Amino acid sequence: MTGQRVVRDGRVRDVASVHCVLLRSGLRTRLFFRDRASVANIALWLPTFSAQPRSISSASARVRRVSALPTEDRHRRPPGGSEDLPHRANPRATIAEMTDQDRPAPSRARRIPLLAGILPIRRRALGTDVLAGVTLAALAVPEVLGYAKIAGMPPVTGLYTMLVPVVLFALFGASRHLVVGADSATAAILAAGLATLAVPASAAYVRLAGTAALLVGAMLLLARLIRLGFLANFLSRTVLVGFLTGVGIQVAAGQLPDMLGVDAGGGQTVPKLINLVRALGQTNAAAALVSAAVVVVVVGVRLVAKKVPGGLIAVIGAIVVSELVDLSAHGVAVLGSVPQGIPHVTLPAFDLHDMSALLGTAVSMFVVILAQSSATSRAYAARYEETVDEDADLVGLGTANVAAAFTGTFVVNGSPTKTQIVDGAGGRSQIAPLAAGVIAVVVLVFLTGPLGALPLAALAAVVFLIGVDLIDIAGMRRIFRVRRAEFVVALLTAAAVVFTGVEQGVVLAIIVSVVDHLRHSYRPHSGVLVKSPAGHWQPEPVTPGRRTTEGMIVYRFGSSLYFANAMRLGTDVATLLTDGRTVTWFCLDCAAVGDVDYTSAGVLSTVAKRLGTHGTRLVLSGVLPEVRTQLDRYGLTRTIGADSYFDTAGAALDAFDNRKA
C-alpha cells in the first residue's frame, strides 16, 4: 500500500499512513482488510487526524459502520461529507435523511453474531493462541478434575466441560477473552443443591446435574430474550469478594477429610470440621504424606515460576508414585476406572418434581454466572478497548450449559482464573480454549488408564489449594481500609456461605447488595449550592438559614427521587426554611435526578404548594428530558408553570438576579 493516495475534498491522503493510524487505534483487532481498495475506501471516511484529536475513536465507529455495509457499497465513493454513508436502497441518502424503508432491517446474523470471539483470525497471533491453549490445558486438566469433585460428579465429567460447551460458546458468544468451563462457585452450589436428592457420582446424580445445567441454560437464554442481563449488576464487587471468600473456606475445609484419609460426616462446613477433629486419630499416614507432597510441589512451583503448571506436575507425580508403590494397598483410595473416549449424548432428568426441586439451585447458579461472567468479560474488554456484547455472551453461555446438560457434565461458567491463564499466556481469542479442548480429547482417548491410579488424596489437595486461592484476603483488606461499612457486608456474606450454605449465601448476597444500594440512595449527598470566590459552584451542608444568595436557595438532591428517599427532600426543605428569613425562589437542582416515581412526584407537588403558602416560588434546573416528561405527566408542570424550568442552576440564578433588577 505504500505510495497509494486518495483525494477527498481537495486533500491528499496517504493510505499507508491511514493503515498505521488504524493499527495504533486498535482497529486491526476488529477488521480484516481483503485488499488495498478496502483501506483506500476507509481513508475517504476518516477525518483529518491532525485537525481533530479525538478522531481515532470516532473513526473507529465510522469504520465499523462502513465495514458492516455490503461489499459493493463499501467501495463506493460517498457523495458528500464523511457522514454521508452509502446504502443499497438509497445510496445518496444521509443517515439523517434515511426513511424507515431506507434503513436496513437488522439481520439475524446481527442479532446473534456467530464466531465473534474468533473472527477475524489474525495469522500472526494464531500460534500464540494455540500455545496459550496448551498452557490452559496443562493447568486446567487437574483443575477441572477437582471442580468435578467439588460438584460431587465423577471426575471425568470435569474434562467433558472443556469440550462441547467451549465449542458452543466460541460459536455464539462475543467475548474474545472469556474462557468458559467448570467453576468452583457454581460447582459448590450444585453440590449443595443435589446433596439430598441423589448419591454423589451416581448415574441419578449425573442426570440431575444435567437437569440443573438445562435449567440454567434456559434461564440464560430467556435472560437474553427479555434483556435481563442487567441483573448481573445486583451482585456488587464487595458482595462478590465476600461470597467467593466464603466459598473458598467451604471448599478448602471440605477437602481436609480426603487429604487425611478419614471419614468425617456432616453436610455443612462447621459440623464437618468438628467431626474431622474427632476423627484425627484415624488419619492415614500415606494419604496425609501424598497430600502434603502435592501441596509442597504446587506451592513451590508457584514460588519459582508461576507459569509452570505445578498442579499438572503434582498430579502426574502422584500417579507415578501410586503405580510404583501401589498406594491402594496402603489404604489410599484411588480414582479407579475412568471411562475412555469422548462423552455420549446423555439425557437429563425431565421429571417435573426434580425440576421444581432444583429450581432454587438453578436460580442461584444463574445469578452467579451472570455476575461473574459479565464482570470478567467487561474487565478484559476494557483492558483491550473492545466493545462488550453481553446479549451475545448470554446466548453463548446459555447454549454452553444446554450442551453440558446433554453431554453428561455439569454447569459451566465464565471463569476468571482460566481467562487470566489464557491472557497471561498471550491468548487473544477463543482459539485458545478450543485448543485446550483438543488436548482434553487426547487425554480422554489415550490417557484415561493412568488417570485411574490418581490418589484421591492428591486430587483433594489440588481442590484444597483451589479453595485457598478463592479466599480473597487482600480484597477484604482493601475493602476494610477504604470502606468499613462495605467490609461488614462482605464479611456477613462470607459468614452466611460458611455457616448456612452456598445457596443461602447467594440469596443473602443479592439481598445485601440491594439493601446496600438502597442505603446509599436513601441518604443521598444533597446540599445547598453556593458560589466560591472563584465563581464555581460548591455544595454546602443543609443547615437552617443556609442560602445561595439573599432571597434564593439552590438545593441539589443527590440521587433519583423514589418512595424511600422522597421524604428527605421535604425534611431538607423544612430545615432550610426554619430560620424564618424570606426566601423568594427555591431552586431544586435535578442534575443528579434520573427518575421520579409516583410517590416522590406527590411529595414534590406538596413541597411546591407549601412553599407557595410562604410566598416562595419553586423552580427546577438541570432537569433531564426523560424526567421533564415524567413531571409533565404527573401534573407538576401545571402546578409550578412551564417557565419554572431552567437549563442550569446558573441560569436560574441569573433569572433571579434579573428579576430583582
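Remember, it's a predicted structure, so these values are computed and weren't measured experimentally.

### Quick word on the nonpolar core
Within soluble globular proteins, side chains that are nonpolar tend to cluster in buried spots. Counting 101 residues, the largest nonpolar core has Leu 159, Phe 243 and Leu 454 as the members making the most contacts within it. Of all the elements, helix α10 (residues 203-225) adds the most residues to this core, at 12 residues.

### Observations regarding the pattern of salt bridges
Under the defined criterion, the tally for this structure stands at 15 salt bridges. Put simply, Asp 423 and Arg 383 hold a salt bridge, and the shortest N to O gap is 2.8 Å. In this pair, Asp 423 is assigned in helix α17 (residues 416-424) and Arg 383 in helix α15 (residues 352-383), connecting sequence segments 40 residues apart. The shortest N-O distance in the salt bridge between Arg 581 and Asp 579 comes to 3.6 Å. A single network of salt bridges, built from pairs that share partners, joins Arg 547, Glu 550, Asp 579 and Arg 581.

### A few points about the pairing of strand β5 (residues 527-531)
The element β5 is extensively covered by neighbouring structure, given that 4 of its 5 residues are classed as buried. Note that β5 and strand β7 (residues 552-556) share 2 bridges and pair antiparallel. Across the sheet, residue Gly 527 finds its bridge partner in β7, namely Arg 556. In terms of strand pairing, β5 meets strand β6 (residues 537-540) through 4 bridges, oriented antiparallel. Across the sheet, residue Lys 531 finds its bridge partner in β6, namely Trp 537.

### Section: the environment of Arg 122
Secondary-structure assignment places Arg 122 in the loop between α5 (108-111) and α6 (123-151). The exposure class of Arg 122 is partly exposed, given its relative accessible area of 23%. Note: C-alpha distance between Arg 122 and Ser 429 (307 residues apart in sequence) is 9.5 Å.

### So, the side chain of Asp 597
You can see Asp 597 is positioned in the loop between β8 (585-589) and α25 (598-613). For the buried residue Asp 597, which engages in no salt bridge, the nearest side chain bearing the opposite charge is Arg 633, 11 Å off. Discounting residues that sit within four places of it in the chain, Asp 597 has contacts with Leu 561, Tyr 562, Phe 563 and Tyr 634.

### What about the packing of helix α21 (residues 473-482) against helix α22 (residues 484-500)?
Between α21 and α22, the least distance of the axes is 6 Å, while the angle of their chain directions is 145°. On the side of α21, the interface is formed by Met 476, Ile 479, Phe 480 and Val 482, while α22 contributes Arg 484, Glu 486, Phe 487, Ala 490 and Leu 491. Partitioning the contact of α21 with α22 into residue classes produces 7 nonpolar, no polar and 2 charged.

### A few points about the packing of aromatic side chains
For the structure shown, the criterion picks out 7 aromatic pairs. Arranged with centres 6.5 Å apart and planes meeting at 40°, the rings of Phe 350 and Phe 406 form a pair that is tilted. Of this pair, Phe 350 sits in the loop between α14 (310-325) and α15 while Phe 406 sits in the loop between α16 (390-405) and β4 (413-415), and the two are 56 residues apart along the sequence. Each ring, one from Phe 480 and one from Phe 487, has its centre 5.0 Å from the other, and the planes form 75°; the classification is edge-to-face. The exposure class assigned to Phe 480 is partly exposed, which follows from its relative accessible area of 37%. Linked through ring pairs, Trp 585, Phe 646 and Phe 656 together constitute an aromatic cluster. Directly above the aromatic system of Phe 480 lies the positively charged group of Arg 484, at a separation of 4.0 Å from the ring centroid. For Lys 531, the ring lying beneath its charged end belongs to Trp 537, and the centroid distance is 4.9 Å.

Calculation notes
- Residues numbered from 1 in each chain as written.
- Predicted model: local features only at pLDDT ≥ 70, side-chain atom pairs only at ≥ 80, totals over all residues.
- Heavy atoms only, no water.
- Core = buried A, V, L, I, M, F, W, Y, C linked by side-chain atoms within 4.5 Å.
- Buried < 20%, exposed > 50% of the residue type's maximum accessible area, 1.4 Å probe, protein only.
- Helix = DSSP H or I, 4+ residues; strand = E, 2+ residues; numbered from the N terminus.
- Salt bridge = Lys/Arg side-chain N within 4 Å of Asp/Glu carboxyl O.
- Pairing = 2+ DSSP bridges.
- Lys, Arg positive; Asp, Glu negative; His and termini not counted.
- Contact = heavy atoms within 4.5 Å.
- Axes fitted to C-alpha atoms, helices over the stretch in contact; angles between N-to-C directions.
- Nonpolar A, V, L, I, M, F, W, Y, C, P; charged D, E, K, R; others polar.
- Phe/Tyr/Trp six-rings, centres within 6.5 Å; stacked < 30°, edge-to-face > 60°.
- Lys NZ or Arg CZ within 6 Å of the ring centre and 35° of its normal.

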